[in-house]
Amino acid sequence: MKNIKQIITITVLAMTIANACTKLDEELYSEVPTDEFGQNEKEIAALVGPIYSTLKGHNLSWDFYMVMDELAGGMMAVPGFKGGDWGEPMWRETMTHNWTASSYGFNWAYFHPMSSIALCNQIYYQVEHNPAMSNDDKVRTLAEIRGVRAFWYYTLIDHYGNVPIVTDFLDKSQPATKSRQEVYNFIISELNEIKDDLRSDVSSATYGKMTKGAANMILAKMYLNAMVWNPSAGAKWQECIDACNEILALPYILEPNWKTNFIPHNEVSQEAIFSSVFKAGGSGIQNDISLNTLHYLDPVALGLNVASWNGYGAHPEYIKEFDTTDIRYHGSFLLGPMIDPSTGQVITTVHGRPLIHKPEMTLNEVDPEGWGWINQEDGARCYKWDFERGLSTSMENDIHIFRLADVLLMKAEAILRNGGSATEATELVNRVRERGFPNKPDKLYATVTLDNILQERRFELAWEGYSRQDLIRYGKFLAAQLPWRKNASDPKFLLFNIPQLAIDANDKLEQNPGF
């Protein structure tokens, strides 16, 4: 085995951790011998910082998987605008469930997790053979790395099903495709082995890191979707409930103010279980939701100094499901007239139209397949993560990958599917719902059904990347959805295609069935 008692450069690692897990100022390390580095928390954080920076890939930007999930799941829409903006084929293919083996829209969803896994393997090797770290620090740190690696495999099993399993940094051979069942069992085994070695506190020291809560959250997701991802082993509803209970026993809270989860400095949320951490104006991948969703002139009305791209909006049918008195309605969607503060008048677009965002997306010049363009102002825009007035760079807001509200809804669903108490399930769902309807007891459920829970997930988790996964689990993903998908979809679209670039580079990879 290679001897790693050599001089290594830690410069980039320390810079990365500043943006990956904390809001700390950057600190640079010069060349340091590895047999001396890793003796305190700050040095350990620098060593593992790059793996947490990979979580920035969980992001509502361009063709990142959160966007593609919401497009495929009918939460989001990008039909293309007058003038040709956002006319790339991948938006149409994803919304209409018509992607092919050569489609490039899902490349990021594959290559980013795979490269993140490779980085986890590299840093695992470095930590495992680091003589400077104490045994306790090493055990916990290695558990964190395996947990983050398991998270990326969780995204891969969801989107692609059948992927290689790679854990050995020194093995440079081309990896072969493993079945979805093998990947499922690997993730479950990894998480069960490491969860008790992770920290369980909910504090600034563990924010943005792999903890016992985060590991149990991934386990709960795995068990909740077991009948899709590993049906031959049977339902795992009780296991899902047990994992949720493990999380509920930890000191997380359902934030009294729902918006606390989405404000610029939302690291204060004690509802957050696992997060991708951003810093305004930071390096690398950043939170650019403002650029991706806002009309070119929305920043004028909102007091922002950014050049937005007029991109994605909410699917009209999705937004119609909301009760407009739910605080999550106006808290999730930018609607109404955009007023120029210097004149007090509604802003006019370059096409001479009033800049008024409405839920509707009116198609023009519709082709035989039902596709057309919309006017630039059409559609409700993402307004879930608050835009800080004066914003001139990327956003400070973190994106919480997992939140306690999701745990309550998952447990309620698993209880009903397991034949458990409808009373308990109703109480769990109402804990989430009453936050959207404060002091309105008439808006709470008397008794919840599975369909109620699905709908509540859509109200609570809009824009957070779960609509595709949820609809697949409920058996509703392939159904027609007007106006862009007039007929039921082929079952092959339950998975994304393995990128052709990956297959061309590795002849041991197998394309998913039907592509």
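Keep in mind that what you see is a predicted model, and the values were worked out from it rather than measured.

Enquirer: What exactly am I supposed to notice about the state of the cysteines here?
Expert: What is meant by a disulfide is a covalent connection between two cysteines, made through their sulfur atoms. Tallying each qualifying case throughout the model produces zero disulfides. A disulfide-free cysteine, Cys 240 has its sulfur positioned 4.2 Å from the sulfur of Cys 244, the nearest such atom. The exposure class assigned to Cys 240 is buried, which follows from its relative accessible area of 0%.

Enquirer: Help me out: how do you make sense of the packing of aromatic side chains in this one?
Expert: Geometrically, a pair of aromatic rings is defined through the distance of the ring centres and the angle of the planes. The full count for this structure, using the stated rule, is 33 aromatic pairs. Residues Phe 274 and Phe 402 carry aromatic rings whose centres are separated by 6.3 Å and whose planes lie at 20° to one another, so their mutual orientation is stacked. Pair noted here: Phe 274 is in strand E4 (residues 272-276) and Phe 402 is in strand E12 (residues 399-403), with a separation of 128 residues, a long-range link. Given a relative accessible area of 0%, Phe 402 falls into the buried group. Centre to centre, the rings of Tyr 318 and Phe 322 are 6.2 Å apart; their planes meet at 45°, and the pair counts as tilted. Like Phe 322, Tyr 318 is buried. Members of the aromatic cluster, each reached through a chain of ring pairs, are Trp 99, Phe 106, Tyr 110, Phe 111, Tyr 160, Phe 493, Phe 496 and Phe 515.

Enquirer: Help me understand the nonpolar core in this model?
Expert: Considering soluble globular proteins, one finds that nonpolar side chains tend to be buried as a cluster. One finds Leu 60, Phe 151, Phe 333, Phe 402 and Trp 463 to be the most contacted residues of the largest nonpolar core, which totals 149 residues. When residues in this core are grouped by element, the largest group, eleven residues, is from helix H6 (residues 135-159).

Enquirer: I would appreciate a short explanation of the environment of Thr 426 in the present structure.
Expert: Relative to the elements of secondary structure, Thr 426 occurs in helix H16 (residues 422-436). The class of Thr 426 is buried, set by a relative accessible area of 6%. As a C-alpha pair, Thr 426 and Ala 205 span 221 residues in sequence and 34 Å in three-dimensional space. With near-sequence residues (within four places) excluded, Thr 426 lies in contact with Tyr 445, Ala 446, Thr 447 and Val 448. Only 3.0 Å separates the side chain of Thr 426 from the backbone nitrogen of Val 448, close enough to count as a polar contact.

Enquirer: I tried to follow unusual backbone geometry on my own but got confused; where do I start?
Expert: Glycine aside, a negative phi is what most residues show, and trans is what most peptide bonds show. Across the junction of Leu 482 and Pro 483, the peptide omega takes the value 5°, indicating a cis bond. Here Pro 483 shows up in the loop between helix H18 (467-473) and helix H19 (500-505). Even without glycine at this site, Trp 62 takes up a positive phi of about 40°. If you trace the backbone, Trp 62 turns up in the loop between helix H2 (41-53) and helix H3 (65-72). For Trp 62, a relative accessible area of 30% puts it in the partly exposed group.

Enquirer: For this particular structure, what's the right way to read the layout of surface pockets?
Expert: Empty space among the atoms becomes visible once a probe the size of a water molecule is rolled across them. In this structure, the largest pocket occupies an estimated 560 Å³ of space. Surrounding the largest pocket, 25 residues form its lining, Met 114, Ala 118, Val 166, Ser 173 and Pro 175 being those nearest its centre. Of all elements in the fold, only helix H5 (107-128) and H19 reach the threshold of two or more residues within the lining of the largest pocket. The element best represented in the lining of the largest pocket is H5, accounting for eight residues. Class assignment for the residues of the lining of the largest pocket results in 14 nonpolar, seven polar and four charged.

Enquirer: Sorry if this is basic, but what is going on with empty space enclosed by the protein here?
Expert: Here the structure, examined in full by the defined rule, presents five cavities of 30 Å³ or more. Considering the residues around the largest cavity, the lining is formed by 13 residues, among which Tyr 65, Tyr 154, Asp 158, Gly 465 and Tyr 466 are closest to the centre. When contributions to the lining of the largest cavity are tallied by element, the ones reaching two or more residues are H3 and H6. A per-element tally of the lining of the largest cavity places H6 first, with four residues. Partitioning the lining of the largest cavity into residue classes produces five nonpolar, five polar and three charged.

Conventions used here
- Residues numbered from 1 in each chain as written.
- Predicted model: local features only at pLDDT ≥ 70, side-chain atom pairs only at ≥ 80, totals over all residues.
- Heavy atoms only, no water.
- Disulfide = S-S within 2.5 Å.
- Buried < 20%, exposed > 50% of the residue type's maximum accessible area, 1.4 Å probe, protein only.
- Phe/Tyr/Trp six-rings, centres within 6.5 Å; stacked < 30°, edge-to-face > 60°.
- Helix = DSSP H or I, 4+ residues; strand = E, 2+ residues; numbered from the N terminus.
- Core = buried A, V, L, I, M, F, W, Y, C linked by side-chain atoms within 4.5 Å.
- Contact = heavy atoms within 4.5 Å.
- Polar contact = N/O pair within 3.5 Å; in protein donor to acceptor, adjacent residues only side chain to side chain.
- 1 Å grid on protein atoms, 1.4 Å probe; cavity = no way out; pocket = protein on both sides within 12 Å on 5 of 7 lines; lining within 4 Å.
- Points joined across faces, edges and corners; volume = space filled by probe spheres on them.
- Nonpolar A, V, L, I, M, F, W, Y, C, P; charged D, E, K, R; others polar.

Remember, this is a structural readout, not a statement about activity or role.
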